[in-house]
Amino acid sequence: MGRLPLPLDSFVGRNTELGELQALLSRHRLVTLTGPGGAGKTRLAVELGLRVQPRYPAGVWLVELAALTDGALLVQSVADCLGISEEIGRPILDTVTDTLAPHRAVLLLDNCEHLVLPAARLTEALLSRCPHLRVLTTSREPLDVPGETVVRVGELPLPGSRRNRTRTDLLTSAAVRLFVERARAAAPDFQLTDENVDDVAALCTRLDGIPLAIELAARRVRLLTVAEINARLDDRFRLLTRGSRTAADRHRDLRTTIEWSHDLLEAHEQAAMRRLSVLVGGFGLNTATAACADGRTVLAEDMIDLLADLEARSLIVPQRASAANRFRQLESIRMYGRERLDLADETDATFDRLASHLLRLAEPIVGDDMLHCYEELEPLDIERANLTATVDWAARVGDSRHLPLAAALGRCWRHHGQAAEGRALLRTALESTGPAHPARVAALEQAAALAAGQGDHTEAMALVTEATRLALGAGHPIPLVRALSTLARVHLSCDRNADAYAASARCLEIVEPLGRPLDTAVCLHNLAWTALQCGNTDRAGELMESCLPLYRRHSPHPLPPEWLHTAGAHALARKDAKAAEQHLRQGLRAYLVSADSGILPVTGVLTLESLAVAASQREQPRRALRLGAVTSALRRARRLHSDPATERELRQALTEARARLSPAGAREAEREGHALSLPRALDYAVHDVWQEHGDGPLPLTDREREIARLVAVGLTNRELAQRIHVSQRTVESHLENIRARLDLRSRAQLAAWATRHLGAGAPDSARG
């Protein structure tokens, strides 16, 4: 018995999910598959039904609801599917439940999102009266029925971003396999080749791994190359049409699929959906509220529930590789929302609200405060893509916030070593703004620091000289201190270390009388660094002994990696390589979780260089040369220049390391360093464990193994944080990193992996 359609094409990917769903359906009587339109919920549900059908003697029955518009007819639709005739004078629901009650069967209610309430009521009634029945539903939002187990059907796994990908590497991605199979069905001579692997990877990534979009794109290979399809994806709603003639109307093109979800929303939900489209870099609650809440259509106090509703309907999804509670719109949904935003004539008003929010986050850069650590920059830095879009908008409409927002973005790019982008942006902003703009000093500082980072000393000095002159004239101490700090940085880049020391000392003289202990600590640290560059090791030590306790006493944040780098550099100057390694490794650990992004902050590059020096001092020449090769590649890729004193120290250390090896051995060590991906390079730098077997999966650290074991014994993130004495956010970061390294998608998969590879029972830290 049972009526399930036999699929006409192959089922690609999601085999792990199928196994998990079979187990869930055996334990729970109601399982709902949710996800965005086109994610493949129906296909997955049918495949699941076919696999479990032998366990249910009364069959697995598919009830298709997409064409049903009246919820009152839902019960009759179920009865018709089951072949149950109506009895005169008796409610049809009673007849259906009496028929089903003695039997083991599965009822698959497909596409419930437009009939959520009647579907929920029917499901609850059926399950309460039919003890042997299982109900499997697909919907773009849950039914919210007691006992419901919700499984989100998301994007297919995307190809990794590591260098030199091969066809074999790419075919480990289900998204790529789906594209290749459907492309071959459309054009039998289509092949995945070394020439098109990057184009295929980019296409699947830009389409967010959504099966419908990938399948529609694959049909276009009859006429276009993959590169040509990619080039047209900005106009994807015209391109991704002409699905199968027998597909449901809402699945024949991409626009209709998204429109189906949009039209089910209330007016305020539609407004939020379109306003969120300006947030190209994802969003948390505060940024979403800033963009959406206008006090009329959307209220700030309603945003938590509004975002929850949009997430439940799969119109926003958790942001990948995000430790914070951040979400994003899938790119096709975002582009649809942006069309709607323009049609509603709300683009400028939305960006106006967003600009005011981002400017508040930028206060330590453009206001009367100082930046003390990355944690104070982070709220703005995580909005970097949104800030870029807002700067573009402000420039386009001539908004006065263009310059301060550009200065703030320049500071973020400076942190990440993206100097070329920052310089071009700030040059344009400065040229388009008058000399009396209050943010001009901040913009000049950032432009000068970026120019110095690329070795453009003449421009850097001209910019910082103007910044210092304007700050002196304004008479505000903190902007002047920031300008003088930048002046010291520029002097260091020009090998004028004594001038740098004088500028840093002037900063301390200005700040100390203000009674601002954290500002004083920052100036003490900066002076310690310049003292080191001058070769005054004793003075640097005295200053570090003053600034470290002051910072710890007054800051809620851990010591910044920059300060740990300075402590390590000071230990190197004293020839205490062991102490140096401890400081430097501790500072580098902060970047382990984010290494997969491919961008290492400038401080991370400096720390790797100092670790190379430490390795040379400890007579570890191969390690020194490997790390030196890594940093050389990083600097070359971003055109980052070292300060002369730092460069001399590294050059001498690497010369000594080469002298301890044969010429062939030195070349081999450098080749090995150049071959390292950034995640593997950081892992090697922090843990000093060299793997000979190429660029495969990274080993877990001791802490990561501990966390994996704790997940396996069932601890929640909050319980994990309490057990290992870190913040819950840090736990989330570790878990994201672990899943990325092991290519696992769920907590259940991680628990199974830990049980299999690390052994059952308590983690190391819990054992006596």
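The present account deals with the structure reproduced in this document. (Residues numbered from 1 in each chain as written. Predicted model: local features only at pLDDT ≥ 70, side-chain atom pairs only at ≥ 80, totals over all residues. Heavy atoms only, no water.)

### Observations concerning the sheet that holds strand E2 (residues 60–64)
(1) Moving on: Taken together, the five strands give an open sheet; going across it, the order is E2-E3-E4-E1-E5, and neighbouring strands pair in parallel fashion. Looking along the sheet, the strands with just one partner apiece sit at the ends: E2 and strand E5 (148–152). Direction aside, the axes of adjacent strands within the sheet are offset by 20 degrees on average.
(2) Moving on: Both strand E3 (residues 105–110) and strand E4 (residues 133–139) contribute to a ladder of five bridges, which runs parallel. Pairing of Val106 across the sheet is with Arg134, part of E4.
(3) Moving on: The sheet contacts of helix H2 (residues 41–52) involve strand E1 (30–34), E2, E3 and E4, and relative to E4 the element is tilted by about 160 degrees.
(4) Moving on: Contacting E1, E3 and E4, helix H5 (residues 116–129) runs over the sheet at an angle of about 165 degrees to E4. (Pairing = 2+ DSSP bridges. Helix = DSSP H or I, 4+ residues; strand = E, 2+ residues; numbered from the N terminus. Axes fitted to C-alpha atoms, helices over the stretch in contact; angles between N-to-C directions. Contact = heavy atoms within 4.5 Å.)

### A short note on helix H1 (residues 15–27)
(1) Moving on: The terminal C-alpha atoms of H1, which comprises 13 residues, lie 19 Å apart, in line with the 18 Å expected from a rise of 1.5 Å per residue.
(2) Moving on: Buried residues of H1: Glu17, Leu18, Leu21, Gln22, Leu24 and Leu25, and no others. For H1, the arc enclosing every buried residue in end-on projection is 165 degrees, short of the 170-degree limit, so these residues lie on one face.
(3) Moving on: Contacts from the buried residues of H1 go to E1, H2, E3, E4 and E5. (Expected span 1.5 Å × (residues − 1). Buried < 20%, exposed > 50% of the residue type's maximum accessible area, 1.4 Å probe, protein only. Arc of directions from axis to C-beta.)

### With respect to the pattern of salt bridges
(1) Moving on: This structure, assessed with the given rule, holds 49 salt bridges.
(2) Moving on: Between Arg14 and Glu17 there is a salt bridge whose closest N-O contact spans 3.7 Å. Across the pair, exposure class does not vary: Arg14 and Glu17 are buried alike.
(3) Moving on: Linking Arg152 and Glu155 is a salt bridge whose minimum nitrogen-to-oxygen distance equals 3.5 Å.
(4) Moving on: Residue Arg152 is classed as partly exposed on the basis of its relative accessible area of 33%.
(5) Moving on: Owing to a relative accessible area of 11%, Glu155 belongs among the buried residues under this scheme.
(6) Moving on: The structure contains a network of salt bridges with shared partners spanning Arg274, Arg275, Asp294, Arg296 and Glu346. (Salt bridge = Lys/Arg side-chain N within 4 Å of Asp/Glu carboxyl O.)

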